[in-house]
Amino acid sequence: CMMLSVSTAVTQSGGDKFLYIRQQGITAAVGLLLLFAISRVNYRRIGVASIAFLAILVLSLLLVHVPSLSASEGGSASWIPLGPVAFQPSEFAKLAVILAGAHLLVSRRRQVGDFASFMWPFGAVGLGMCGLVMIEGDLGTAIIIAGLLLGMLWIGGMRGRNWALVAGTGLA
């Protein structure tokens, strides 16, 4: 209903009044299909693939800084054009941090429960991703990734004192 009311401006200029509804419907259908497909995957097999996904994203975050391979929009050179479409690696970096972080925190936590086991390699990887995104000039996404890191460290079982130290250092 809301999308139909927004599209009245398009209709007044002679456009298709169902344009936005159609776009939203297609996006929702693709999202539901992906949701169903991913729900059928054994989560134990995602761990190793998440590290490969993270490595690919780190490479793409570095490629954004190569002028001939990247595109600039909105004052931020953070897009990689691939033919008719372009993608922003920092958006996929959020997903990569979550997937790789879950794998790294579970595997490291079984071995040791101290501060170093939480911060290496997950903390280092996450801070590296934040740094690469900040270099692009996308502070908002870097803050979101930092929040994801803090949330995952908390849920992963990091002691409150250590978590406060990491959060305080990040705020500073």
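J.: Honestly, a nonpolar patch on the surface in this entry has me stumped. Any pointers?
T.: Together, Ile26, Val30, Leu34 and Ile38 give the surface a local cluster of nonpolar side chains, amounting to about 390 Å² of exposed area. Along the polypeptide, leucine 34 turns up in helix 3 (residues 19-39).

J.: Which parts of the structure should I look at to understand helix 6 (residues 115-136)?
T.: Residue pairs spaced three or four apart in an α-helix point in one direction, given the helix's 3.6 residues per turn. Between its terminal C-alpha atoms helix 6 stretches 30 Å, which fits the 32 Å expected from 22 residues at 1.5 Å a residue. Burial in helix 6 covers these residues: Ser117, Phe118, Met119, Pro121, Phe122, Gly123, Gly126, Met129, Cys130, Leu132, Val133 and Glu136.

J.: I would appreciate a short explanation of the nonpolar core in the present structure.
T.: One broad trend across soluble globular proteins is that nonpolar side chains are buried collectively. Phe122, Met129, Ile145 and Leu153 are the most contacted members of the largest nonpolar core, which has 23 residues in total. Where this core is concerned, the elements lending two or more residues are helix 4 (46-63), helix 5 (89-111), helix 6 and helix 7 (139-155). Per element, the largest residue contribution to this core is seven residues, and it comes from helix 6. Sequence-distant contacts of isoleucine 145, that is, excluding residues within four places in its chain, are made with Ser90, Ala93, Lys94, Val97, Gly126, Cys130 and Val133.

J.: Before we go on, may I ask you to explain the packing of aromatic side chains in this structure?
T.: Taken as a whole and judged by the stated rule, the model has one aromatic pair. Ring geometry for phenylalanine 87 against phenylalanine 92: centres 6.0 Å apart, planes inclined by 65°, an arrangement best described as edge-to-face. You can call phenylalanine 87 partly exposed: its relative accessible area is 22%.

J.: Just checking my understanding: could you explain the pattern of salt bridges for this structure?
T.: Pairing between side chains of opposite charge can happen when their charged atoms approach one another. For the structure on display, the rule yields one salt bridge. With its nearest N and O atoms 2.9 Å apart, the salt bridge here joins lysine 94 to glutamate 91. In this pair, lysine 94 and glutamate 91 are both assigned in helix 5, three residues apart and thus about one turn of the helix distant.

Rules used throughout
Residues numbered from 1 in each chain as written. Predicted model: local features only at pLDDT ≥ 70, side-chain atom pairs only at ≥ 80, totals over all residues. Heavy atoms only, no water. Patch = residues over 30% accessible without salt bridge, like charges linked within 9 Å, V, L, I, M, F, W, Y side chains within 5 Å. Areas by Shrake-Rupley, 256 points an atom, 1.4 Å probe, with all protein chains shown as cover. Salt bridge = Lys/Arg side-chain N within 4 Å of Asp/Glu carboxyl O. Helix = DSSP H or I, 4+ residues; strand = E, 2+ residues; numbered from the N terminus. Expected span 1.5 Å × (residues − 1). Buried < 20%, exposed > 50% of the residue type's maximum accessible area, 1.4 Å probe, protein only. Core = buried A, V, L, I, M, F, W, Y, C linked by side-chain atoms within 4.5 Å. Contact = heavy atoms within 4.5 Å. Phe/Tyr/Trp six-rings, centres within 6.5 Å; stacked < 30°, edge-to-face > 60°.

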